[in-house]
Amino acid sequence: MNILLTSAGRRTYLVDYFKEALKMAGQGGLVHAANSQESPAFFNADRQVVTPLIYDQGYIPFLLDYCRKWHIDLLIPLFDIDLPVLSASREAFARQGTMVVTAEPAAIEICNDKWKTFRALKARGILTPKSWLSAEDAVRAAEEGEVSYPLILKPRWGMGSLSVYQADNKEEAEVLERKIRKEIRESYMKYEAAKDWEACVILQEKISGRELGVDVVNDLKGNFRTAAAKVKSNMRAGETDGAMTVSEPRLTELGMALSGLLRHKGNLDVDVLESGGEYYVLEMNARFGGGYPFSHAAGLNLPYALVMWASGREPEEKFLQARTGVRGQKDIRILVY
């Protein structure tokens with residue numbers, strides 16, 4: 001079995017996890033890493049390839065040819081802007097024997113578009129911060145007592161902590177909206193934002209509380225299998241740098257609800273805030289997130305499960321469970337090659 005991780009970047013640990021998974025499952029095969037430029041993950045992988053940029057017209061034909069040449073069984077995208085492009089082409093990959101491990105295009109859109117995230121969660125009765133698509137509407141809501149300052153402003157199609165700001169009053173909200181719009185036009189976020197330039201910034205109520213992450217695991221048929229929750233202790237550039245696994249049954253129930261909403265394959269990375277005894281979903285990413293290694297360290301082994309499911313077998317139940325109370329921290333290492 002051969003596996004390709006696209007937009008591999010610095011996810012060297014995922015390369016190692018999938019290499020180990022192939023051995024554990026008794027599968028031959030190689031782990032490939034793809035990126036638009038050389039990256040740390042390249043030098044852990046068995047094979048490396050530099051691809052065209054994601055929005056280049058040659059990106060999908062290039063990957064189709066690569067997957068055909070190297071007999072890739074599982075293609076696993078690791079970057080938000082990669083997800084909709086690959087999901088839209090999943091049938092072309094499937095015709096040549098490659099499964100794209102993510103969600104359907106409509107579900108990807110719910111995850112990547114924060115306004116659609118808000119509307120989909122609200123429709124399902126799942127708590128999420130109140131949101132608006134213009135400073136004018138958010139300011140009006142504040143004046144009418146629907147929300148209180150501060151407000152959080154961010155790109156509607158953003159990721160990580162890029163262009164995320166706090167507005168403490170009307171004037172700041174209006175200025176920051178213009179600032180974010182300018183920053184979007186000057187970054188790769190402009191490709192997604194081109195869908196609706198007039199509403200490419202989202203404003204949300206600020207909710208303070210305990211920060212958690214949940215890995216919601218579905219099998220390759222989109223069926224819920226497990227959820228692993230963590231309390232975050234450290235963040236860096238929007239990514240979890242430290243966390244401890246916890247057991248909170250209500251988060252498992254939340255995971256089941258999100259699984260049913262999206263029917264994704266593999267992992268759904270969910271950011272949650274606990275405030276006043278209630279859980280608020282902030283964002284969802286239909287991919288391995290930066291918090292997954294903490295679930296893995298606690299015993300959940302999704303790479304192994306994916307390999308087993310792809311080969312028509314069931315993973316042992318112990319690999320679909322994360323022990324609680326396991327605390328971890330990421331560190332910085334130098335790869336020499």
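Look a little higher up for the structure.
Residues numbered from 1 in each chain as written. Predicted model: local features only at pLDDT ≥ 70, side-chain atom pairs only at ≥ 80, totals over all residues. Heavy atoms only, no water.

Asks: Which residues make up the pairing of strand β10 (residues 210–218), and what values do they have?
Replies: In summary, the side chains of a regular strand alternate between the two faces of the sheet. With seven of nine residues buried, β10 lies mostly within the body of the structure. As judged from the nine bridges shared by β10 and strand β13 (residues 266–275), these two strands associate in the antiparallel manner. Counterpart to Val-214 in the pairing with β13 is Val-270. (Buried < 20%, exposed > 50% of the residue type's maximum accessible area, 1.4 Å probe, protein only. Helix = DSSP H or I, 4+ residues; strand = E, 2+ residues; numbered from the N terminus. Pairing = 2+ DSSP bridges.)

Asks: Break down the pattern of salt bridges for me, citing the residues and quoting the values.
Replies: For the structure shown, the criterion picks out 23 salt bridges. The closest approach of N and O atoms between Glu-283 and Lys-154, which form a salt bridge, is 3.4 Å. Within this pair, whereas Glu-283 is found in strand β14 (residues 278–285), its partner Lys-154 is found in strand β7 (residues 151–155), the two being separated by 129 residues in sequence. Salt bridges sharing partners connect three or more residues here, namely Arg-90, Glu-104 and Lys-265. (Salt bridge = Lys/Arg side-chain N within 4 Å of Asp/Glu carboxyl O.)

Asks: Go over the packing of helix α5 (residues 105–112) against helix α6 (residues 114–123), please, and point to the residues and values.
Replies: Any two packed helices are characterised by how steeply their axes cross, that is the angle between the axes, and by the distance between the axes. Across the interface, α5 lies against α6 with an axial gap of 5 Å and an inter-helix angle of 105°. Here α6 runs roughly perpendicular to α5, going by the angle between their axes. Residues Glu-109, Ile-110, Cys-111 and Asn-112 of α5 form the contact with α6, whose own contacting residues are Lys-114, Lys-116, Thr-117 and Ala-120. In terms of residue class, the contact of α5 with α6 is built from three nonpolar, two polar and three charged. (Axes fitted to C-alpha atoms, helices over the stretch in contact; angles between N-to-C directions. Parallel < 35°, antiparallel > 145°, perpendicular 65-115°, else oblique. Contact = heavy atoms within 4.5 Å. Nonpolar A, V, L, I, M, F, W, Y, C, P; charged D, E, K, R; others polar.)

Asks: I'd like a description of a nonpolar patch on the surface, backed by residues and values.
Replies: There is a patch of nonpolar side chains on the surface, built from Tyr-55, Leu-162, Tyr-188 and Tyr-191 and spanning about 360 Å² of accessible area. Among the secondary structure elements, Tyr-188 is positioned in the loop between α8 (170–185) and α9 (190–193). (Patch = residues over 30% accessible without salt bridge, like charges linked within 9 Å, V, L, I, M, F, W, Y side chains within 5 Å. Areas by Shrake-Rupley, 256 points an atom, 1.4 Å probe, with all protein chains shown as cover.)

Asks: Help me get a handle on the pairing of β13, residues and values and all.
Replies: Along β13, nine of the ten residues are buried, which leaves the element largely enclosed by surrounding structure. Note that β13 and β14 share seven bridges and pair antiparallel. Bridge pairing links Leu-273 to Tyr-280 in β14. Once β13 ends, the chain turns through two residues before running back antiparallel as β14, passing Gly-276 with a positive phi of about 60°.

Asks: Can you explain the nonpolar core? Please cite residues and give values.
Replies: By size, the foremost hydrophobic cluster in this structure holds 36 residues, and its most contacted members are Ile-3, Leu-5, Leu-14, Phe-18, Ile-76, Phe-288 and Leu-306. At the level of elements, β1 (3–6), α1 (12–24), β2 (31–35), β4 (74–77) and α12 (302–310) are the ones that each hand at least two residues to this core. Sequence-distant contacts of Leu-14, that is, excluding residues within four places in its chain, are made with Leu-5, Leu-78, Phe-288 and Tyr-292. Among the nonpolar cores identified, the runner-up in size contains 28 residues, and Ala-103, Ile-126, Val-270 and Ala-286 belong to it. (Core = buried A, V, L, I, M, F, W, Y, C linked by side-chain atoms within 4.5 Å.)

Asks: Can you explain the side chain of Asp-215? Please cite residues and give values.
Replies: Note that Asp-215 resides in strand β10. For Asp-215, a relative accessible area of 0% puts it in the buried group. Among the polar contacts made by the side chain of Asp-215, one reaches the side chain of Lys-230 at a distance of 2.6 Å. Not counting residues within four places of it along the chain, the set of residues in contact with Asp-215 comprises Thr-226, Ala-227, Ala-228, Lys-230, Asn-267, Leu-268, Asp-269, Gly-291, Tyr-292 and Ser-295. (Polar contact = N/O pair within 3.5 Å; in protein donor to acceptor, adjacent residues only side chain to side chain.)

Asks: Break down unusual backbone geometry for me, citing the residues and quoting the values.
Replies: With omega at 5°, the peptide bond leading from Tyr-149 into Pro-150 counts as cis. Mapped onto the elements of the fold, Pro-150 is located in the loop between α7 (135–143) and β7. With phi around 50°, Ser-7 is a residue other than glycine that occupies positive phi space. Within the secondary structure, Ser-7 is located in the loop between β1 and α1.

Asks: An account of the environment of Arg-210 is requested, with residue identities and associated values reported.
Replies: Here Arg-210 is to be found in strand β10. Residues Arg-210 and Val-272 lie 62 residues apart in sequence; the distance between their C-alpha atoms is 8.3 Å. When sequence neighbours within four positions are dropped, the list of residues in contact with Arg-210 reads Val-231, Glu-248, Val-272, Leu-273, Glu-274 and Tyr-279. Looking at Arg-210, its side chain comes within polar contact range of the side chain of Glu-248, at 2.8 Å.

Asks: Summarise the packing of aromatic side chains; cite the residues concerned and give the values.
Replies: Inspection of the entire model under this criterion finds ten aromatic pairs. A ring pair is formed by Phe-18 and Phe-288, whose centres lie 6.0 Å apart and whose planes are at 85°; its orientation type is edge-to-face. One end of the pair, Phe-18, is in helix α1; the other, Phe-288, is in the loop between β14 and α11 (292–297), and 270 residues separate them in sequence. Judged by its relative accessible area of 0%, Phe-18 falls in the buried class. Ring geometry for Phe-79 versus Tyr-188: centroids 5.9 Å apart, planes at 65°, classification edge-to-face. (Phe/Tyr/Trp six-rings, centres within 6.5 Å; stacked < 30°, edge-to-face > 60°.)

Asks: Could you give an account of the sheet that holds β7, naming the residues involved and the relevant values?
Replies: In space, the four strands of this open sheet follow the order β6-β9-β7-β8, with antiparallel pairing throughout. Each edge of the open sheet carries a strand with a single partner, namely β6 (131–132) and β8 (165–167). Here β7 pairs with β8 via three bridges, running antiparallel. The residue bridging Leu-153 from the neighbouring strand is Tyr-165, located in β8. Of the strands in this sheet, β7, β8 and β9 (201–205) touch α8, which is tilted by about 160° from β8.

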